[in-house]
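Take a look at the letters that make up each chain.
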Amino acid sequence: MMNIVILGSTGSIGTQTLDIVRSRGDIRVVGLGAGRNIELLEKQIREFHPQYACVAEEEAARELTIRVADTDTQVLSGVKGMEALAAEPTAHTVVGAIVGIAGLRPSLAAVRTGKRLALANKETLVAAGDIMRRELQISGAELIPVDSEHSAVFQCLEAVAQTRRSAEVKRIILTASGGPFAGKTREELRDITPAVALRHPNWDMGAKITIDSATLMNKGLEVLEAAQLFCVSAEKIDVVIHRQSIIHSMIELTDGAVLAQMGVPDMKLPIQYALTYPKRMPMTDNTLDLAAIGSLTFEKPDMETFRPLALAYEAAKTGHTMPCVLNGANEAAVSLFLQNKIKFLRIGDLLAQVMQNHHIILNPTLEDIFEADQWAREQVLALTNQ
Ligand code: MG
């Protein structure tokens, strides 16, 4: 039996992780953490009987406590509760699928207690990658990526490591579906509404990441995440638009050989691999039918229209607090867009402005990171007169 904790259990990654738990029978859920969807969390508690559940919002936590009073599950709340779940001694693996920088403290707690962290929250590594890496070294915890692109790169690197340890990676090539607006001009994107931007062609994800996908910020965050995860500079990470989302990412070796990991666009394989690594376990219903797909296409990303991707490369080059500021500003800007308070293209423009206004803090501490994040959010609100 493998004991796991799922943080963000009511989201897209969380529910798919529970699908895997349901189908396998050798995984026990000891903790579930969610933001505010207590309806679904209650159902999950009744099905999986975790020892602990945590709700980020205090009021929702109080309500859940009453609702599940007849069960053995103890309800915790807030960031402290999430940290306690992440550090739960009986858990071997923590699935980190909380959205945004809210995932940072729980991720750190999991790493500090030497667990395997199956990480789907990219903001953790973007905002505080250096700190995370230091903590990983100290505790010896394992960090396995769940994001499909990073899982693909990880799987390719594993394949190389098993055959030729000396093989050197020249380049990482992250694929991007391009989101719903690939190929569109700025003019065509001027009046995009949240409802339209939320319709992603290939992947079914939460609202924040779907908007990030439409602006290509998601790919920008993934570049920053990959740089930290695989210890390479962002200059060695390329992005290619691959609309079919069949190749999940690639590595290029020194001799020019390119290894790709392919599969149907479904998060279950990367989630399961992060849980069972280094073992590979059977999966059903995910056979890739290449003939049915017909062709795979590749294009250069348009970084002028999709400015956030260019800004992510810039933030990677600057380093220190800049990636965290870019991320914080983006979380605030996306939230304003989803509330219909700013236009779609304004997201990228705001990010550029906030980055320009930022005086970087060298070698930031965790406190510096949270301050920079807060500053970036306030900047977005000030620039938009909120
Ligand atoms: Mg991804």
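Right above here is the structure, for reference.
Per chain, residue numbering runs from 1 following the sequence as it is written. Given that this is a predicted model, residues contribute local features only at a pLDDT of at least 70 and side-chain atom pairs are listed and counted only at 80 or more, while totals for whole chains, interfaces and linings are drawn from all residues. The side-chain values count all of the structure's non-hydrogen atoms but skip hydrogen atoms and water molecules.

A. Looking closely at the coordination of the magnesium ion. In this description, a donor is an N, O or S atom within 2.8 Å of the metal centre, a cutoff extended to 3.2 Å for sodium, potassium and calcium. Water is not part of the atom list, which can make sites seem incomplete. Bound to the magnesium ion are the protein donor atoms Asp147 (OD), Glu149 (OE) and Glu222 (OE), situated 2.1 to 2.3 Å from the metal. In the primary structure, the donors to the magnesium ion are separated according to the pattern D-x1-E-x72-E. Separated by 73 residues along the polypeptide, glutamate 149 in helix α7 (residues 148-163) and glutamate 222 in helix α11 (residues 217-229) bring together distant segments of the chain. A simple rule labels every residue: compare its accessible area, found with a 1.4 Å probe on the protein chains alone, to the largest value its type can have, and call it buried under 20%, exposed over 50%, or partly exposed in between. The exposure class assigned to glutamate 149 is buried, which follows from its relative accessible area of 7%. Starting at the N terminus, helices and strands are each numbered in turn, a helix being any DSSP run of H or I of at least four residues and a strand any DSSP run of E of at least two.

B. Up close: a nonpolar patch on the surface. What makes a patch is a set of residues exposed beyond 30% relative accessible area and free of salt bridges, joined within 9 Å when like-charged and within 5 Å when nonpolar (Val, Leu, Ile, Met, Phe, Trp, Tyr). Every accessible area reported is derived by Shrake-Rupley at a probe size of 1.4 Å, with residue values counting cover from the shown protein chains alone. For salt bridges, the criterion is a side-chain nitrogen of Lys or Arg within 4 Å of an Asp or Glu carboxyl oxygen. A cluster of nonpolar side chains, namely Met262, Leu290 and Ile293, defines an oily patch on the protein surface of about 230 Å² accessible area. With respect to the element layout, methionine 262 can be found in strand β11 (residues 258-262). Assessed through its relative accessible area of 35%, methionine 262 is described here as partly exposed.

C. Structural detail: the pattern of salt bridges. As enumerated under the stated definition, the model contains 29 salt bridges in all. In this structure, the salt-bridge partner of aspartate 212 is lysine 208, at a minimum N-O distance of 2.8 Å. Taken as a pair, aspartate 212 and lysine 208 lie in helix α10 (residues 207-215) at a separation of four residues, close to a single helical turn. Accessibility expressed as a relative area gives 13% for lysine 208, which makes it buried. Across the salt bridge formed by lysine 219 and glutamate 222, the nearest N and O atoms sit 2.6 Å from each other. Separated by three residues within a single helix, lysine 219 and glutamate 222 lie in helix α11, roughly one turn from each other. By relative accessible area, which is 1% here, glutamate 222 ends up buried. If you follow the salt bridges from partner to partner, you end up with Glu39, Glu42, Arg46, Glu63, Arg67 and Asp70 in one network.

D. Layout of the sheet that holds strand β8 (residues 169-176). Strand order in this open sheet of four strands is β9-β8-β10-β11, and the pairing throughout is mixed. The open sheet terminates on both sides in strands that have one partner only, identified here as β9 (237-241) and β11. The sheet shows a mean angle of 20 degrees between the axes of neighbouring strands, direction not considered. For two strands to count as paired, DSSP must find a minimum of two bridges between them. Relative to β11, strand β10 (residues 247-253) runs antiparallel, the two sharing five bridges. Among the inter-strand pairings, isoleucine 247 is bridged to a residue of β11, identified as methionine 262. Every axis corresponds to a line fitted to the C-alpha atoms, with the helix fit spanning only the stretch in contact, and the corresponding angles, defined between N-to-C directions, vary from 0 to 180 degrees.

E. The nonpolar core, seen in detail. Leu64, Leu326 and Phe344 are the most contacted members of the largest nonpolar core, which totals 121 residues. In terms of residue count, helix α15 (residues 322-338) provides more of this core than any other element does, 10 residues in total. Within this scheme, the nonpolar core is defined by two criteria: the residues are buried Ala, Val, Leu, Ile, Met, Phe, Trp, Tyr or Cys, and they are joined through side-chain atoms within 4.5 Å.

F. Local environment of the sheet that holds strand β3 (residues 52-55). The seven strands lie next to each other as β4-β3-β2-β1-β5-β6-β7, forming an open sheet whose pairing is parallel. With one partner strand each, in any of the chains shown, β4 (74-77) and β7 (142-145) form the two edges of the open sheet. Across this sheet, the average inter-strand angle for adjacent strands is 20 degrees, counted without regard to direction. Looking at chain direction, strand β2 (residues 27-34) and β3 are connected through four bridges and run parallel. Bridge assignment links glycine 33 to a residue of β3, and that residue is cysteine 54.

G. Representation of the packing of aromatic side chains within the structure. Paired rings are identified among Phe, Tyr and Trp, the last through its six-membered ring, by centres lying within 6.5 Å, and are further divided according to the angle between planes into stacked (under 30 degrees), edge-to-face (over 60) and tilted (the rest). Per the counting criterion, the structure on display carries five aromatic pairs. Look at phenylalanine 181 and phenylalanine 344: their rings are 5.3 Å apart centre to centre, the planes differ by 85 degrees, and that puts the pair in the edge-to-face class. Of this pair, phenylalanine 181 sits in the loop between β8 and α8 (186-189) while phenylalanine 344 sits in the loop between α15 and α16 (346-357); the two residues are 163 residues apart in sequence, bridging distant segments of the chain. Residue class for phenylalanine 344 comes out buried when judged on its relative accessible area of 3%. A ring has a charge above it when a Lys NZ or an Arg CZ is no more than 6 Å from the ring centre and no more than 35 degrees off the ring normal. Cation over ring: arginine 280 sits above tyrosine 273, and NZ or CZ is 4.4 Å from the ring centre.

H. Local environment of the side chain of asparagine 327. Summarising the element assignment, asparagine 327 is placed in helix α15. In this structure asparagine 327 comes out as buried when scored by relative accessible area, which is 0%. Note on contacts: a residue pair qualifies if any of its non-hydrogen atoms lie within 4.5 Å across the two residues. If near-sequence neighbours (up to four positions away) are discounted, asparagine 327 is found in contact with Ile101, Glu123, Val126, Lys208 and Leu221.

I. A look at the layout of surface pockets. Estimates place the volume of the second largest pocket at around 480 Å³. Think of a 1 Å grid over the protein atoms and nothing else: a 1.4 Å probe that fits but is trapped marks a cavity, an open set flanked by protein within 12 Å on at least five of seven lines marks a pocket, and residues with an atom within 4 Å of a point count as lining. As for the second largest pocket, its lining consists of 27 residues, and the residues nearest its centre are Asp130, Gln228, Ala316, Gly319 and Pro323. With nine residues, the top contributor of residues to the lining of the second largest pocket is helix α6 (residues 122-139). Amino acids outside the nonpolar list (Ala, Val, Leu, Ile, Met, Phe, Trp, Tyr, Cys, Pro) and the charged list (Asp, Glu, Lys, Arg) are all regarded as polar, and Gly is one of them. Taken together, the residues of the lining of the second largest pocket break down into 15 nonpolar, seven polar and five charged. Grid points are joined across faces, edges and corners, and a volume is the space filled by probe spheres set on the points.

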